[in-house]
Amino acid sequence: MTAVRAEVRGEVQGVGYRDATVREARRLEVMGWVRNGEDGAVLVHAEGGEQAVDDLVSFLREGPPAARVAEVAVEPTKAEGHEQFAIRGVSAGVFVVQEHAATARHFDLRLEVDGTMRSWAVPKGPSMDPAVKRLALEVGDHSLSHNDFEGPLGDGAVIVWDRGPYEQGGRVAWPEALERGHAVFVLHGEKLRGGFALQRTRRGEKPQWLLIKRRDEPARPGSDVVAELPRSVVSHRTLDELLRGGG
Ligand code: MN
């Protein structure tokens, strides 16, 4: 077992390089990921048998026909236990967080997975502080058509507190990652940004999870994003204004 990080430079973005790398990695049974860097490079994490990883690095030096590879820098790294070879940095769909006044106030986090919105009720709402673990109660799936809903609902009301595209991350492919109870994802919302993890802590009829911000560049230790940014990203109203019939 060996693991490397490779940085590929040249004309390597927008020429099918990532797709070709995924195909070759899967053929070689190498695990890890490929992503476009912000500076025109393609970045690869590869782990597996030494010969297979060497073969993938040889492939990276050639690339698909349309690529012009100028340089491949390879560094040994730690194996991370990946169980797939995936393209990173690609949207998997949308996420939405709706603040919902019902019997109790809560935030509903919904992630698009295979055409439906997997949903968790988060009583205290999400946090951008990696030290904070927020209880997230798994609730029934919602349809995508509910994502834009904002307004009175029953005796309460709903606002669209945040939304945007998201990426599926982690070592295990989705949706299996959710089934196994540890799912890592990257949010590109207006308020929530960067990596998050959902970790299941209790199975059964009403599964319980923890929602945790990962330590990364967008993380904001000590912050309280729910208190700091209470307004709807759609109407700019707060839930209280909506409940009072204002706005
Ligand atoms: Mn709800």
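Residues numbered from 1 in each chain as written. Predicted model: local features only at pLDDT ≥ 70, side-chain atom pairs only at ≥ 80, totals over all residues. Heavy atoms only, no water.

A. Spotlight on the pattern of salt bridges. Taken as a whole, this structure holds 16 salt bridges when the rule is applied. Residue arginine 180 pairs with glutamate 83 through a salt bridge whose shortest N-O separation is 2.8 Å. You can see arginine 180 sitting in helix H3 (residues 176-180) and its partner glutamate 83 sitting in the loop between strand E4 (68-76) and strand E5 (85-87), a full 97 residues away along the chain. Judged by relative accessible area, arginine 180 falls into the partly exposed class, the value being 43%. Among the salt bridges present, the one from arginine 110 reaches aspartate 108, with a minimum N-O distance of 3.6 Å. Per residue, the accessibility class of arginine 110 equals that of aspartate 108, and both read buried. Among the charged side chains, a salt-bridge network with shared partners connects Glu7, Arg9 and Asp39. (Salt bridge = Lys/Arg side-chain N within 4 Å of Asp/Glu carboxyl O. Helix = DSSP H or I, 4+ residues; strand = E, 2+ residues; numbered from the N terminus. Buried < 20%, exposed > 50% of the residue type's maximum accessible area, 1.4 Å probe, protein only.)

B. Focus on the coordination of the manganese ion. Those donors, His100 (ND1), His106 (NE2) and Asp108 (OD), are the protein atoms that reach the manganese ion, and they lie 2.1 to 2.3 Å from it. Overall, histidine 100 belongs to the buried group, its relative accessible area being 16%. Looking at histidine 106, the relative accessible area reads 14%, which means it is buried. (Donors = N, O, S within 2.8 Å, 3.2 Å for Na, K, Ca; no water.)

C. Main features of the environment of serine 127. Checked against the element boundaries, serine 127 lands in the loop between strand E8 (116-122) and strand E9 (133-142). Given a relative accessible area of 8%, serine 127 falls into the buried group. Along the backbone, serine 127 and glutamate 83 are 44 residues apart, and their C-alpha atoms lie at a distance of 29 Å. Beyond its immediate chain neighbours, meaning those up to four positions away, serine 127 contacts Val132, Arg134, Phe196, Lys213, Ser223 and Val225. (Contact = heavy atoms within 4.5 Å.)

D. Up close: helix H1 (residues 17-28). With 12 residues, H1 should cover 16 Å at 1.5 Å per step; its first-to-last C-alpha distance of 16 Å lies within 8% of that length. All of the buried residues along H1 are Tyr17, Ala20, Thr21, Val22, Glu24, Ala25 and Leu28. Residues of H1 that are buried in the fold lie against strand E1 (2-11), strand E2 (31-36), strand E3 (42-48), helix H2 (50-62), E4 and E5. Backbone geometry just downstream of H1 places glutamate 29 in the positive-phi region, at approximately 60°. (Expected span 1.5 Å × (residues − 1).)

E. Inspection of the nonpolar core at higher detail. Ranked by internal contacts, the top residues of the largest apolar core, which has 26 residues, are Leu111, Trp174, Phe185, Leu192 and Leu198. When residues in this core are grouped by element, the largest group, four residues, is from strand E7 (residues 105-113). (Core = buried A, V, L, I, M, F, W, Y, C linked by side-chain atoms within 4.5 Å.)

F. Expanded view of the sheet that holds E1. Read from one edge to the other, the open sheet built from five strands follows the order E4-E1-E3-E2-E5, with strand pairing classed as mixed. The sheet is open, and its two edges are formed by E4 and E5, each paired on a single side. Direction aside, the axes of adjacent strands within the sheet are offset by 15° on average. Bridging between E2 and E3 involves six bridges; their strand directions are antiparallel. (Pairing = 2+ DSSP bridges. Axes fitted to C-alpha atoms, helices over the stretch in contact; angles between N-to-C directions.)

G. Quick look at the packing of aromatic side chains. Evaluation of the coordinates by the stated rule reveals six aromatic pairs. Geometrically, the ring pair formed by phenylalanine 107 and tryptophan 161 is edge-to-face, given 5.7 Å between the ring centres and 80° between the ring planes. With a gap of 54 residues between them, phenylalanine 107 in strand E7 and tryptophan 161 in strand E11 (residues 156-168) connect regions that are remote in the sequence. Accessibility assignment for this pair places phenylalanine 107 and tryptophan 161 in one class, buried. Between phenylalanine 185 and phenylalanine 196, the ring centres sit 6.2 Å apart and the planes meet at 15°, which makes this aromatic pair stacked. Of this pair, phenylalanine 185 sits in strand E12 (residues 182-188) while phenylalanine 196 sits in strand E13 (residues 193-202), and the two are 11 residues apart along the sequence. Here phenylalanine 185 falls in the buried class, since its relative accessible area comes to 1%. (Phe/Tyr/Trp six-rings, centres within 6.5 Å; stacked < 30°, edge-to-face > 60°.)

H. Representation of the pairing of E7. In terms of burial, E7 is largely enclosed, as eight of its nine residues are buried. With seven bridges connecting them, strand E6 (residues 93-101) and E7 associate as antiparallel partners. The partner of histidine 100 across the bridge, within E7, is histidine 106. A loop of three residues connects E6 with E7, the two strands running antiparallel in sequence. Of the pairings in the sheet, the one linking E7 to E8 comprises seven bridges and is antiparallel in character. If you follow phenylalanine 107 over to E8, its bridge partner there is valine 122. The turn joining E7 and E8, which pair antiparallel and follow one another in sequence, is formed by two residues; a positive phi near 50° is taken by aspartate 114.

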